[in-house]
Every structure is written in C-alpha cells, then in structure tokens.
Amino acid sequence: MMSKGNSCLAFLTFFSCIYWLYAQETDSISTPVVITDTTALDLQGFEQKDRTDSKLILKDNPLVLITEEGEPRFNLKDNSAAARYDSLWMKELYENAALSDEMYHEVSTQSLEAVSEEEEQQYIYNLPTDSLKARLAKLNQKTPFNVVYNPSLENVIKSFLTRKRNLMQRMLTTSQFYFPLFEQQFDNYDIPLEMKYLSIVESALNPKARSRVGATGLWQFMYGTGKMYKLNVTSYVDERSDPIKSTEAACKYLSKLYDIFGDWDLALAAYNSGPGNVNKAIRRSGGYRNYWNIRRNLPRETAGYLPAFLATMYIFEYAEEHDLIRKKIERPYFETDTIHVKSLITFDQISELIDVSTEDLKILNPSYKLNVIPYIDGKPHILRLPKSVMGKFVANEEAIYAHVEKELKSKESPLPRLVKEAANNRIRYRVRSGDYLGKIAERYGVGVSQIKRWNGLRSNNLRIGQRLTIFPRRTPGAAVATKPTNTTSTAQNQSFPPGTKVHTVRSGDSLWTISRKYPGVSVDKLKQWNGLNSNSLKPGTKLKLCECPS
C-alpha cells in the first residue's frame, strides 16, 4: 500500500502525462511548459535553455508568461465572445459622452412655438393631435405624473421627434445599461419608475456630464447638495459621477422634495431650480400648485424641464409607433461586478494586467478624477470591472498587488506625480477680443472639448474678460505642425457648385445654433458634409447644408 504522499505524486505524474499527450496533439508548436518550483519565481533565475522553443508559464505567478525571446508579458485570458459584447457596449457609451450638451441646450433654449410645416415634413410619420391626446391619456393612467395634453407639450414632443430624433434613438440603446440600476433604486425608495427618464433630461446618461455652473454626474448634483447627501468630492474622487451612489442620493433628494410639495411635477421642478424658486413661482401665480399654471413664473430652464421629461417619457413608451427601434445588443444588460481595492492602483496598471482598456475603465469607474484608485485606510474604494474579467483580478489579486507594490517602489508613486503635474501646469487664461475656443486650444496644444470640460462650458460661446482654466501641452509660440488642427480655414475658402445651399458663419454662430436654423440639419451632418473635425468656427466660413459634391 502506497503512502498518501506517494499516491498523490503518482496521480500528479499520471495527470501530467495525459495533459502532455493531449497538448502534443493540439498544439505541438507552442506547448506551454509549466514550472511548479516556487523558487523559480525570480525571472532572472531562468537560464536560456528553459526558454527554447516553448512558452514558459510561472505556475505560482500566472500573471507572467515568458516569450520565446525571454521577455515577460502578462498572460491573463478572457472570453473572446464576452469581450466582443463589451466592446460593442463601450462603443455606445463613448459615442454618447457628448450628448449631454445637446440635451441641455434643448431644455434651456426650448422654443414654445409650434413646429413648422417644413420641420414636420422631416419626420417620417405624422403625429395627429387626436392620437397624441389618446396616448397621453393612457400614460396618465399608468403614472403619478400629471400627463395631460397641452399645445406646449405637443410642440416639445414633435420637436424631439424631428430635431432630436438621433439623440432619442441613441438614448433608447444606452438606457439598457443604466435603467435596470435606476429602477431597482427607485423601487427601494417607492419612487415612480418613470423617474428614470429624468437622467436623460439631466445628463443624456453621461456620468461625467458637467454643467456650466458645476453640476456633475448622471443626476447633476451641485457640490453643496452632493455633500448633503454624502457624495464625497476630493482631489481624487467625485462620487457625484458614481452611478450607484449618485442614484441613491437622487432617490433621497427626490423623496424629500415630494414630502415637501406632495406632487411629483413640482418635485421635479424643485429638483431643477431648487424648492425656493418653486415656492416663489407659486406665490407669484396667486397660489396655484399645478406646474402648468406656475410655469411662466419659473426660471427659463425649469420652464422647459418638465415638458422635456414628459416628452422623453412619451417617446420611450411609444418608440415603436414612431419607428424608433432600440439597437439590438446581444447582452441587453452590461454585467459588471465590484471589488474593494487593497492598494493604490492606477488605471494604466489595471489595463496592463488584465487587458481592459483604460477608456473602458474610465466608463465603468467615472468617479475617479485622475484615473487612479487611491487606498485610504478605513475608507474603501471600489473598482468596477466586467464580470468576464473580474475572475482574472480576483484569482490573481495577491500577485497583482505585489506587482503594483514593486512597481511603486521602483519609481515615484503615480498619485502625487499626477496631482503635482496638474497643479504645476494649470494656467488661468483671460479671453480677449477675437478669441474663440479653437484658437485658444491650438495656442496651448489642447482640444476644444478639453477646455469645455475643464471649465464646465456648455457651448462654444465666450465673452471678453472670461477666465478659463487650461492645462497646456505646449507654451504659446512653440513650434507647431503646419497642418491645421481643423478644417474650418479650408472651408472658409471653399467654392461650391451653383445652387448649393450654404450658410456663412457669423460672429457668435456655433454648429449648434446653425443646426437649429435649418430643418433636418444636425451638428453631426454639418461636420460630415464640411469635413470638420472640431466644433470651432471662424466668421466668414461657408458651410454646406446638404450632402452634395464640393
């Protein structure tokens, strides 16, 4: 009878032989050689003969694989199908990141005038008023919001179905990522589930959205209000951008507003402009408490707020009737999981170790401002990853932290370095006559979108004397490439065939304002038709208003 140790050794030997024979049949060229000796973890201890024509895997440190050239690289595998689904989702989320500006403009500059006949013709299916009234009546039966027909609401709905058709189509797809989370939280707090549509009006489902006054995140919390509801904001973390924590805070805030007003319409108005402005509007209206009766006494942006919310609700509930179809996603809800980090770690390190792009990490972890997850004793910080790769991180957690610690000891800690660089490089720029964002961006070697994000700008408009925070990549006067960073100068000198519909840019114009003037013309189409790769425009530039040859 063999001893226990001998029997285990015999089993392992037998299993190794079976595995070796199988491997020879399936992959005779690059068969991995598994090293079981724990003392072999010192990579420098391997002789070249151990790295001949085979790949060498360290069993006790599965992070590292030695290539045929003797160079270490990371060897964590992922499910290829799941990775493909993830990339499809991430593509949707990347492309939606700029839509919050578009939604903000639609709400704050909302026209109460009827949609023109020309605009109506841009919409494939006509929307008869009687049909709209019947559908709104059905919605009113399903929700505690006061969904009642009035001409102003009809105009907003038709405007969304014409001018904002592309935005609504995109929201139908992106909502599949966030709505399950919202619905669960609203159900916990006994809030109408239709409140999920508020996130579209507030931020167009962009957790990094930042308003011109500093409101941030999916639910657009101001700094003070966020602090009231325990949303931590530090130099490294902004929990207003955390989808889970900010959604819970929004639930608490909305519940409090409903306790005050006893009406969800007024609670929404107060969410946008504050309870004080709603109370003023009630007083100025003579004591009315119906939103539509006090609307004229509310701030302009709030006056367009509830109609935008109800129009979004209508479009989502009757999307198919208007030929708005959710893009088919093979995985309808993007599955993620979280883990508490036990060491300071950067997005770059995570990306390198488990093969998730830093852009994906930014989308999944939007509350980390410097792409660094800090470690603070007694205050846990969470890393969110796709479930498909979470196993990689958990199974190799000790090795990952050991790798990070070794890397941090070998060079400066990335956290202080990033903060120091940001502090040293920041400048305050005063806008002068003739300045526009594209000119300033080119001067300092940065992007227009970056300047807008650093300063919470919603549009490209600037005023003389305005102060801008900029983190320059080059100093003014430094040599730059002769190739222009955008094509507006080319467009300015373009000539077009006779009969081409053209708009000449005037001072104060932006792609947004131009698109509003011409039915069926969007910002994306203007950029496509005119070969623009930025939003900056120069007065005198001629822009084509159709897809026609130059």
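Residues numbered from 1 in each chain as written. Predicted model: local features only at pLDDT ≥ 70, side-chain atom pairs only at ≥ 80, totals over all residues. Heavy atoms only, no water.

Our focus in this paragraph is the nonpolar core. If you look at the biggest cluster of nonpolar residues, it comprises 68 residues, and the most contacted ones within it are Tyr271 and Phe309. Contact partners of Tyr271, with chain neighbours within four places excluded, come to Leu198, Glu202, Trp219, Phe221, Ala250, Tyr253, Leu254, Leu257 and Tyr305. Membership of the second largest hydrophobic core comes to 20 residues, among which are Val237, Phe347, Leu385 and Phe393. (Core = buried A, V, L, I, M, F, W, Y, C linked by side-chain atoms within 4.5 Å. Buried < 20%, exposed > 50% of the residue type's maximum accessible area, 1.4 Å probe, protein only. Contact = heavy atoms within 4.5 Å.)

For the chain, per-residue confidence averages 74 on the pLDDT scale, and 67% of positions sit at 70 or higher. Between the elements of the chain, mean pLDDT differs from a low of 33, seen in strand E1 (residues 33-35), to a high of 95, seen in helix H10 (residues 243-261). Taken as a whole, residues 76-86 scores under 50 in pLDDT and shows 20 contacts with residues more than four places along the chain or in a different chain. (pLDDT = per-residue confidence, 0-100. Helix = DSSP H or I, 4+ residues; strand = E, 2+ residues; numbered from the N terminus.)

As for its position among the elements, Ser241 is in the loop between helix H9 (223-228) and H10. Among the residues examined, Ser241 registers a relative accessible area of 4% and is labelled buried. Setting aside chain neighbours within four positions, we find Ser241 in contact with Pro207, Lys208, Thr216, Gly217, Pro366 and Ser367.

The angle between the axes and the distance between the axes are what describe a pair of packed helices. Where helix H5 (residues 129-142) contacts helix H6 (residues 151-162), the two axes come as close as 12 Å, and the packing angle between them is 100°. Between H5 and H6, the interaxial angle falls into the category roughly perpendicular. Contacts between H5 and H6 involve Thr129, Leu132 and Leu136 on the former and, on the latter, Leu153, Glu154 and Ile157. Classifying every residue of the contact of H5 with H6 gives 4 nonpolar, 1 polar and 1 charged. (Axes fitted to C-alpha atoms, helices over the stretch in contact; angles between N-to-C directions. Parallel < 35°, antiparallel > 145°, perpendicular 65-115°, else oblique. Nonpolar A, V, L, I, M, F, W, Y, C, P; charged D, E, K, R; others polar.)

With 12 residues, H6 ought to run about 16 Å at 1.5 Å a step, and its terminal C-alpha atoms sit 16 Å apart, in line with that. For H6, the set of buried residues is Ser152, Leu153, Glu154, Asn155, Val156, Ile157, Lys158, Ser159, Phe160, Leu161 and Thr162. Among the residues of H6, the N-terminal cap falls to Asn150, whose side-chain oxygen and the backbone nitrogen of Ser152 are separated by 3.1 Å. (Expected span 1.5 Å × (residues − 1). Polar contact = N/O pair within 3.5 Å; in protein donor to acceptor, adjacent residues only side chain to side chain.)

In contact at an axis separation of 11 Å, H5 and helix H15 (residues 305-317) are set at 100° when each is read in the N-to-C sense. As far as their axial angle goes, H15 and H5 are roughly perpendicular. Counting all contacts with H5, which are made through Leu132, Arg135, Leu136, Leu139 and Lys142, the residues of H15 involved are Met313, Tyr314 and Glu317. Looking at the contact of H5 with H15 residue by residue, the class counts come to 5 nonpolar, no polar and 3 charged.

This paragraph deals with the pattern of salt bridges. Overall, the coordinates contain 7 salt bridges when judged by the stated rule. Two residues, Glu239 and Lys245, come together in a salt bridge whose shortest N-O distance is 2.9 Å. Between Asp435 and Lys439 there is a salt bridge; the shortest N-O distance is 4.0 Å. Exposure remark for Asp435: the relative accessible area of 15% places this residue in the buried category. (Salt bridge = Lys/Arg side-chain N within 4 Å of Asp/Glu carboxyl O.)

Below, the discussion takes up the environment of Phe347. Mapped onto the elements, Phe347 comes out in helix H16 (residues 347-354). Between the C-alpha atom of Phe347 and that of Leu383, which follows or precedes it by 36 residues, the distance is 9.8 Å. Beyond its immediate sequence surroundings of up to four residues, Phe347 is in contact with Thr358, Leu361, Lys362, Asn365, Tyr368, Asn371, Val372 and Ile373.

The next subject is a positive patch on the surface. The grouping of Arg428, Arg430, Arg432, Arg443 and Arg467 at the surface amounts to a positive patch. On the secondary structure map, Arg428 appears in strand E9 (residues 427-430). Relative accessible area serves as the criterion here: at 51%, Arg428 is assigned to the exposed category. (Patch = residues over 30% accessible without salt bridge, like charges linked within 9 Å, V, L, I, M, F, W, Y side chains within 5 Å. Areas by Shrake-Rupley, 256 points an atom, 1.4 Å probe, with all protein chains shown as cover. Lys, Arg positive; Asp, Glu negative; His and termini not counted. Charge placed at Lys NZ, Arg CZ, Asp CG, Glu CD.)

By the secondary structure assignment, Ile244 is in helix H10. We classify Ile244 as partly exposed; its relative accessible area is 32%. For Ile244, the residues in contact, after removing those within four places along its chain, are Leu181, Gln185 and Arg384.

Residues apart from glycine generally show negative phi values, whereas peptide bonds are mostly found in trans. Of note in the backbone geometry, Asp190 takes a positive phi value of approximately 55° without being a glycine. As for its position among the elements, Asp190 is in the loop between helix H7 (165-188) and helix H8 (198-203). Positive phi outside glycine occurs at Asp323, with the angle close to 60°. Assignment of secondary structure puts Asp323 in the loop between H15 and strand E5 (336-340).

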